[in-house]
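Coordinate inspection notes
In case you want the letters, here they are:
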Amino acid sequence: MTQRRAAVLGGNRIPFARSNKQYAHTSNQDMLTSALDGLVARYGMAGERLGEVAGGAVLKHSKDINLTREAVLGSALDPHTPAFDIGQACATGLETVVSISHKVMHGQIESGIACGVDSASDAPIVVTEELRSILLDLSRAKSNGQRLKALTRLRPQHLAPQAPSTGEARTGMSMGEHQAISTAAWGISREDQDALAVESHRNLAAAWDRGFFDDLVTSYQGVSVDTNLRPDSTMEKLAELKPVFGRNLPEPATMTAGNSTPLTDGASAVLIGSDEYAAAHGLEPLAYFRDAEAAAVDFVHGGEGLLMAPTYAVPRLLARNGLTFADFDFFEIHEAFASTVLCHLAAWESEEFCRERLGLDGALGSIDRTKLNPNGSSLAAGHPFAATGGRIIATAAKHLKETGGTRALVSICAAGGQGLTAILEA
Amino acid sequence: MNDKYISLANGPLKKIVKTLGLPAPVPLRRFDPADSAHGYLSEPILVLGETAGADALSQLLLDNDFSVHRTPNPGLRYQAIIAAYDGLTHPDQLQDTTLAIGAALRQLTRCGRVITVADAGVVFPHTTDADPALNAVRNAVTGITRSLAHEMRAGSTANGIVLDGVQPTAPSAVAALWFLLSAKSAYVSGQFLTVSSDRGTTTSAAEFAATGQTGPLNGAVAVVTGAARGIGAEIARVLHRDGAQVYGVDVPQAGQALAQTMNSIGGVAIQLDITAEHAGQQIMERVGAPIDILIHNAGITRDKLLANMDESRWASAIAVNISSQLRINESITAATGWGQAPRVVSLASIAGLAGNRGQTNYSASKAGVVGMVAAAAEDFAARSGTINAVAPGFIETDMTAAMPMVPRELGRRLSSLQQGGKPRDVAEAIAFFVQPAAGGINGKTLRVCGQSLLGA
């Protein structure tokens, strides 16, 4: 069977908003439905049955077990459109793109939507393990005596609600603290981090100004531009911020709220289809999905940084496709923290790292900073975990089309020591 | 918003309203696609006048399964009175037909119609060698129609069809007749539809009112600006109802509402600022097909007394309400992006015709629209197309709902129908202009205002 190509036909997202602000009283399902509806309206797909919709959220209520399907049912799509949820932490959004693209490439479906959503505002709050155990025993109790016995175990401290955290389950450390270790290990300076953040804001603001997002974003709840964006961000302003991560390390702390992504609410969706589908619907492909590679590192015992997995995935992806950095017009590297990106770049430039950790003959190479995140990334836009993949893919695909480029590399780090990378090409 | 007075005046307060002689608006009859009578009524139509036009129109109505009377039957109610004045040469000839209308008025049903049909007069500054008496009688009919519209009660309207060198059965005169007869013209009163060419396809009363795949706009590509909400959203819905594939344009800030509106009609949302230099080009690219119908609906108000008017208020109202329309029309023409018989309708406003305190900028732009369509008519006719304007009066929208109570009530009651119109009423007039049958009406501005006293 000759393999078909999977085309990125378009994208849509709602403007990303900092948590507990404009979208504080909405839900993952409503945001995702709105992102889908914006995409449906952009391409006149109301009432259309698509092959499949893949989606997910990182912070997910237990009632949202069928989140994506519920969003499809609430959207203008034909209710006969199937959907499924997947999860790979911050790589969830990109993994939905991989999944839908592969189904198109294998001929299983003609068209599909890859999407993701996250709300750190409407986060699931759960009861303590103790209270949960008591409540379960209570529900299993058959006599009043048994019920009373269960209830007598209840203590006031059991009632404290448990909010989700960005802490790693196996280390108890927050992602920022993990990254601070890598930042220090790689000697990434405060100035370099702040400069990357300023560049991110500048690039995103320029993209908004020239109307780049007119056909990539649909307003939501009265918000029409990413609320985290600070077009007037400067090195001086960022320099005033106090470090928030790595303050217990021997090295000076460098990571601030300005060079780290804030908690963000948002949703994104990407329309993917075969060439036949595109032609039949009069859609011109923005780009094609070529390949993807995931990697994971042992950040618990293996001495590797939590967010360093993409450095392992990229060389494998390049090797499999016979490509080098020189073959790419630009690079979309998710800015979990400015220092994450800078660690990745430094790692690929390091002979030692590339030889010893990646098993290469020498340094993988350096990336021209003018080719990095040309339309800004998560530092400026914010990072609603599962929605970031869709934002990056749609942005990169449109940029590739607009600039007449041939190839873009996409890289996203994720909790659990994981990373997912992909190639888009013209 | 709901006009509570209408429901009170037709409900618990009906007697008081009558006793005190208060305004007595009635709920208007509006078009419903499910209506088996196609938006017309079941009562017969009274055709008055001893003219060739009267005979031809009677036959037309009979052919379309209407019941037609040439003299009133005292025991009956009529859905409409059609008064034919065509071919008259002197004002002395007006009397019989006009008094006959008067005698039959009490037999007109609720939400009935009076439609006058007359030849077009010429008015200064047209150079003409027209006979003064001939021109007098022709213009006299407009006076009769307008005054009669003021006298109509219970949701009835009076309008005129003006024949500018065409027969009463010219395709667009027929289409105008169906429009004025039907519920689609609910909020049009005291107005004239001037037919100046034999262009257009002849349509039956039922075809005129058909919807969906048998609708008059089936297969047409229609672009509506400002389509997210209010009147624009309603225009999009009505064009879709009549068969068009709709592309809705609005600013990115209105994206969520635009997406909802477009998804409800299987349309396509295009987010862009129509004042951008390349807006026309972008619209053509996104549509990707020849544009058959373009509705310039997007508009803004930036009210200030002229003494306090600043540059940004002035400039933005002009840019959005008129300059963008000129530029988009030009760019589509330059790119040969129009369909076979393009139809353009622009939104004017009675503020543009009458002027309004605090609205020099808005009135300039809306009066500009009237001038634009008049001047562009010839150019569009050369492409077998038309360009017209619709001037809404007081329409019940979010914008008018936000008005202070007294001006809002005045806006509603200071019209012959004594109520505000609905976005649907504006949309119906636009959908009429863009029908293939209306190809003989070009360069004109139709008021949809319930014969508002403003600028009348």
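The rules behind each value
- Residues numbered from 1 in each chain as written.
- Chains lettered and ligands numbered in written order.
- Predicted model: local features only at pLDDT ≥ 70, side-chain atom pairs only at ≥ 80, totals over all residues.
- Helix = DSSP H or I, 4+ residues; strand = E, 2+ residues; numbered from the N terminus.
- Rg over C-alpha atoms; globule rule 2.2 N^0.38 Å.
- Contact = placed C-beta atoms within 7 Å.
- Buried ≥ 20, exposed ≤ 12 C-beta atoms within 10 Å, placed from the backbone.
- Pairing = 2+ DSSP bridges.
- Right-handed = clockwise from strand over helix to strand, strands pointing away.
- UniProt positions renumbered as here; feature names shortened; annotations may be inferred.
- Domains from an automatic or database assignment.
- Axes fitted to C-alpha atoms, helices over the stretch in contact; angles between N-to-C directions.
- pLDDT = per-residue confidence, 0-100.
- Parallel < 35°, antiparallel > 145°, perpendicular 65-115°, else oblique.
- Nonpolar A, V, L, I, M, F, W, Y, C, P; charged D, E, K, R; others polar.

1. Topic: the overall build of chain A
A tally of helices and strands in chain A yields 14 helices and twelve strands. The C-alpha atoms of chain A give a radius of gyration of 22 Å, which matches the 22 Å a tight globule of 426 residues would have. Counting only C-alpha atoms, chain A reaches 75 × 60 × 45 Å along its principal axes. In chain A, of all internal contacts separated by at least 6 residues, the share reaching a separation of at least 24 is 81%.

2. A short note on the overall build of chain B
Scanning chain B for helices and strands turns up 16 helices and 13 strands. For chain B, the spread of C-alpha atoms along the principal axes amounts to about 60 × 50 × 45 Å.

3. Some remarks on the pairing of strand β9 (residues 268–271) of chain B
All names here are of chain B. Of the two faces of β9, the one lined by Val268 and Ile270 and the one lined by Ala269 and Gln271 are each fully buried. Relative to β9, strand β8 (residues 245–250) runs parallel, the two sharing four bridges. Looking at the pairing, aspartate 250 lines up with glutamine 271 of β9. A crossover links β8 with its parallel partner β9, the connecting element being helix α9 (residues 255–264), and its sense is right-handed.

4. Overview of the interface of chain B and chain A
Bring the parts together and some accessible area is lost; that lost area is often taken as the interface size. Across the boundary between the two partners, chain B contributes 17 residues, which contact 18 residues of chain A. Only α9 and β9 of chain B provide two or more residues apiece to the side of chain B that touches chain A. Looking at which element gives the most residues to the side of chain B that touches chain A, the answer is α9(B), with seven residues.

5. A look at the UniProt feature "domain: Thiolase C-terminal" (unreviewed entry) in chain A
As recorded in UniProt, the sites labelled "domain: Thiolase C-terminal" (unreviewed entry) are residues 284–425 of chain A. Between the C-alpha atoms that bound residues 284–425 of chain A the distance is 14 Å, and the span itself is 36% helix and 21% strand.

6. Concerning the UniProt feature "domain: Ketoreductase" (unreviewed entry) in chain B
Feature annotation in UniProt places "domain: Ketoreductase" (unreviewed entry) on residues 220–398 of chain B, given in this structure's numbering. The annotated region residues 220–398 of chain B carries 47% helix and 21% strand content, and the separation between its end C-alpha atoms amounts to 30 Å.

7. Some thoughts on the domain arrangement of chain B
Residues and elements named next belong to chain B. The domain boundaries assigned to chain B delineate domain 1 (1–29), domain 2 (31–195) and domain 3 (211–448). At the junction of the two partners, domain 2 supplies 23 residues and domain 3 supplies 19 residues. Residue assignment for the side of domain 2 that touches domain 3 shows that the elements contributing at least two residues are α5 (132–151), α6 (171–181) and β6 (192–195). For the side of domain 2 that touches domain 3, the element with the highest residue contribution is α6, accounting for four residues.

8. Structural notes on the sheet that holds strand β12 (residues 386–392) of chain B
Residue and element names in this part refer to chain B. Strand order in the open sheet formed by seven strands is β9-β8-β7-β10-β11-β12-β13, and the pairing between neighbours is parallel. Two strands bound the open sheet, and with one partner strand each, they are β9 and β13 (445–448). For this sheet, the mean inter-axis angle between neighbouring strands, taken without regard to orientation, is 20°. Relative to β8, strand β7 (residues 221–225) runs parallel, the two being bridged by five bridges. Counted as the bridge partner of threonine 225 is valine 249 from β8. Seen against the sheet, helix α8 (residues 230–241) touches β7, β8, β10 (291–296) and β12 and runs at an angle of roughly 170° to β7. Along the sheet, helix α16 (residues 423–433) contacts β10, β11 (338–347), β12 and β13; its crossing angle with β12, the most-contacted strand, is approximately 165°.

9. Examining the sheet that holds strand β1 (residues 45–48) of chain B
All names here are of chain B. The parallel open sheet is built from six strands, whose spatial order is β2-β1-β3-β4-β5-β6. Because the sheet does not close on itself, it has two edges, and the strands there are β2 (68–69) and β6. Where strand β5 (residues 157–163) meets β6, four bridges bridge the pair, whose relative direction is parallel. Directly across from leucine 163, in β6, lies its bridge partner valine 195. Running at roughly 170° to strand β3 (residues 78–84), helix α4 (residues 95–104) makes contact with β1, β3 and β4 (108–119) of the sheet.

10. A word on the confidence of the model for chain B
This prediction gives chain B a mean pLDDT of 93; 98% of its residues lie at or above 70. What the predictor reports for the complex is a pTM of 0.91 with an ipTM of 0.88.

11. Considerations on the environment of Arg343(B)
Residues and elements named next belong to chain B. Relative to the elements of secondary structure, arginine 343 occurs in strand β11. What makes arginine 343 buried here is the crowd of 27 C-beta atoms within 10 Å. Measuring from C-alpha to C-alpha, the distance between arginine 343 and alanine 381 comes to 9.9 Å, with 38 residues separating the pair along the chain.

12. Comments concerning α6(B)
Most of α6(B) sits inside the fold, with eleven of its eleven residues counted as buried. Here α6(B) has its buried residues at Pro171(B), Ser172(B), Ala173(B), Val174(B), Ala175(B), Ala176(B), Leu177(B), Trp178(B), Phe179(B), Leu180(B) and Leu181(B).

13. A closer look at the packing of helix α3 (residues 92–105) of chain A against helix α14 (residues 388–403) of chain A
In a packed pair of helices, the relevant descriptors are the angle between the two axes and the axis-to-axis distance. All names here are of chain A. Viewed as axis vectors pointing N to C, α3 and α14 meet at an angle of 60°, and their least axial separation amounts to 5 Å. On the basis of their axis angle, the class for α3 and α14 is oblique. Contact residues: Thr92, Gly93, Leu94, Thr96 and Val97 in α3; Thr388, Gly389, Gly390 and Ile393 in α14. Across the contact of α3 with α14, the residue classes tally to three nonpolar, six polar and no charged.

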